[in-house]
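So you can see what is in the structure, the chains are spelled out below.
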Amino acid sequence: MERAKTVALGLLLLATLFLMHLVWVQFPLKNNPLMEPAPLAVPIDKEDYIPKEALIHFGDGSHTVTAQLQNVWPFYRGMIEEVFSHRRSFEPVEEGALYKLRGVKSIVFDLGGPLHGAIFQHLYGPEELGVPTKVAFNVEAREFLMETEEGIFRSDGGNVSYASIGDFIDVAESQNPVKFVPVDEAYQVASKLYIPAEGRKDPYHSVYKNELLNMGETYRQNLVTRMLGTPINSVNIIEESSSTLYVYGQKTLRMGQEELIYTDDSPIRREAPQLMASMGAIKSFLSEAMGFRNRLYFQEVEALEGGYRFKVNFEESGHMVLPQREGRAYLIMEVMSNQVRRVNFLYRTENTQEPPQEGERMLLTVEEIFERNRPLLSELAGGGEELLSDGELFAALEDAVFTFVDPALGERDLLYHAYGLTFHGVSYYFDANQGTYLLEDARGLD
């Protein structure tokens, strides 16, 4: 069965190539340059995994969406473990089962795309129902629902505490969250999206810094030692015009003014590439060989001969952070035979957090983004020179995601709060404070 699963995942990757993205992985919060490297290929486990977001229905016709799940996910993870602990039977239900949850007290977790769903399936199962995309708890009907590529299935969930889930939902409602409205109800168009009903308060601003500028020599040497796996006095150091090249055997590490490039061309032990083992190798390399502490957001994976290429960004408060450079990610990593072989790293990390610059401002709504960019968005939506109404734009909109964009220009930069609006598989990012266009990302968002 494990071999069949591996083959299925391989076929899925080859069929979709660049369309598998949005995976979040929690790495150990370690940033100690002196700790010793550990063996690689630590497996991805349940504690690493958090869904993309949760849609909460309060049962009175009101709803909210949140991506800040780190504190509550362990509780729901326990409920999901109960569902799958005894191989409970699942039965198919009608296609609109998740849509009908909007009228009852319930919570729906968006797993974030095929790759993320494959990881969920690897951790929880079951294999025979297809790769999952969403899971949900219906408190009133006391049932667990799972949407997969094969359809929607239900189970009673066994000993799941639906009363406790209901209490969690009540607590969430008591905290006066931002209310979201279904687009299809607000604009009478076919859409599965939910959008904020009003502007949100401008949250804190994270500041990202360039780690390679003004890096202390002791830290730099420790980083080189750990990545190349040898004492610094064994490393050949070559000064270049705008970078320094460190060489040991068939491993190299080039440190420029903003990017770090690592390659390993040493003899490789041949293994059949496996997606989960490759992600485990990345987890180990970044947390142990580099002591890297940021949460990562796996946006895209491409199948290669003998391995995979991953494009990875960061995550803040449940939302993706991406650099303001078209086609780039913070990390581009190639893993061959389940071993990290190449890393291109735009080496920036969170430095501090600052309050809103002008007091307690409100972020723009999606409709206000539409109003300030209607000619551009109308063209992107397929309307040509005709200016489309809000309803027409929502009818063409495939996704609307709150995110952060890093200008990545200097030593320290405030992150933009941004909306990623996806039309025809391409995401376009707009400043949520000013409404200005920031960036195009052809990978899109799921």
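The structure this text deals with has already been given above.
In this text, all values refer to a predicted model and were calculated from it rather than measured experimentally.

Asks: Sorry, what's going on with the nonpolar core here?
Replies: Counting residues in hydrophobic clusters, the biggest one holds 103 residues, and the most contacted among them are Phe-137, Ile-165 and Leu-260. It is helix α7 (residues 275-289) that provides the largest number of residues to this core, a total of 8 residues. Counting residues in each nonpolar core, the second largest holds 12 residues, with Val-65, Ala-97, Val-104 and Ala-136 among its members.

Asks: When you look at helix α6 (residues 217-228) in this model, what are you seeing that I'm missing?
Replies: Since the α-helix advances by 3.6 residues per turn, residues separated by three or four positions end up pointing in the same direction. For α6, with 12 residues, the first-to-last C-alpha span of 16 Å sits near the 16 Å given by 1.5 Å per residue. All of the buried residues in α6 are Arg-220, Asn-222, Leu-223, Val-224, Arg-226, Met-227 and Leu-228. Contacts made by the buried residues of α6 are with β13 (244-248), β14 (251-255), β15 (259-264) and α7. In the segment just after α6, Gly-229 is the residue with positive phi, at about 75°.

Asks: Explain the environment of Arg-348 to me, please; I cannot follow it from the model alone.
Replies: Here Arg-348 shows up in strand β21 (residues 348-354). When its relative accessible area of 3% is taken as the criterion, Arg-348 is described as buried. In this structure Arg-348 touches Tyr-208, Lys-209, Asn-210, Phe-314, Tyr-330, Asp-406, Ala-408, Leu-409, Gly-410 and Asp-413, once residues within four positions along its chain are discounted. In terms of polar contacts, Arg-348 uses its side chain to reach the backbone carbonyl oxygen of Tyr-208, at 3.3 Å. There is a polar contact of 2.7 Å between the side chain of Arg-348 and the side chain of Asp-406.

Asks: Help me out: how do you make sense of the sheet that holds β21 in this one?
Replies: Paired through backbone hydrogen bonds, the strands of a sheet run either parallel or antiparallel to each other. As summarised here, the arrangement of the 3 strands in space is β21-β11-β23, forming an open sheet in which the pairing is antiparallel. The open sheet has two edge strands with one neighbour each: β21 and β23 (412-414). Direction aside, the axes of adjacent strands within the sheet are offset by 30° on average.

Calculation criteria
Residues numbered from 1 in each chain as written. Predicted model: local features only at pLDDT ≥ 70, side-chain atom pairs only at ≥ 80, totals over all residues. Heavy atoms only, no water. Core = buried A, V, L, I, M, F, W, Y, C linked by side-chain atoms within 4.5 Å. Buried < 20%, exposed > 50% of the residue type's maximum accessible area, 1.4 Å probe, protein only. Helix = DSSP H or I, 4+ residues; strand = E, 2+ residues; numbered from the N terminus. Expected span 1.5 Å × (residues − 1). Contact = heavy atoms within 4.5 Å. Polar contact = N/O pair within 3.5 Å; in protein donor to acceptor, adjacent residues only side chain to side chain. Pairing = 2+ DSSP bridges. Axes fitted to C-alpha atoms, helices over the stretch in contact; angles between N-to-C directions.

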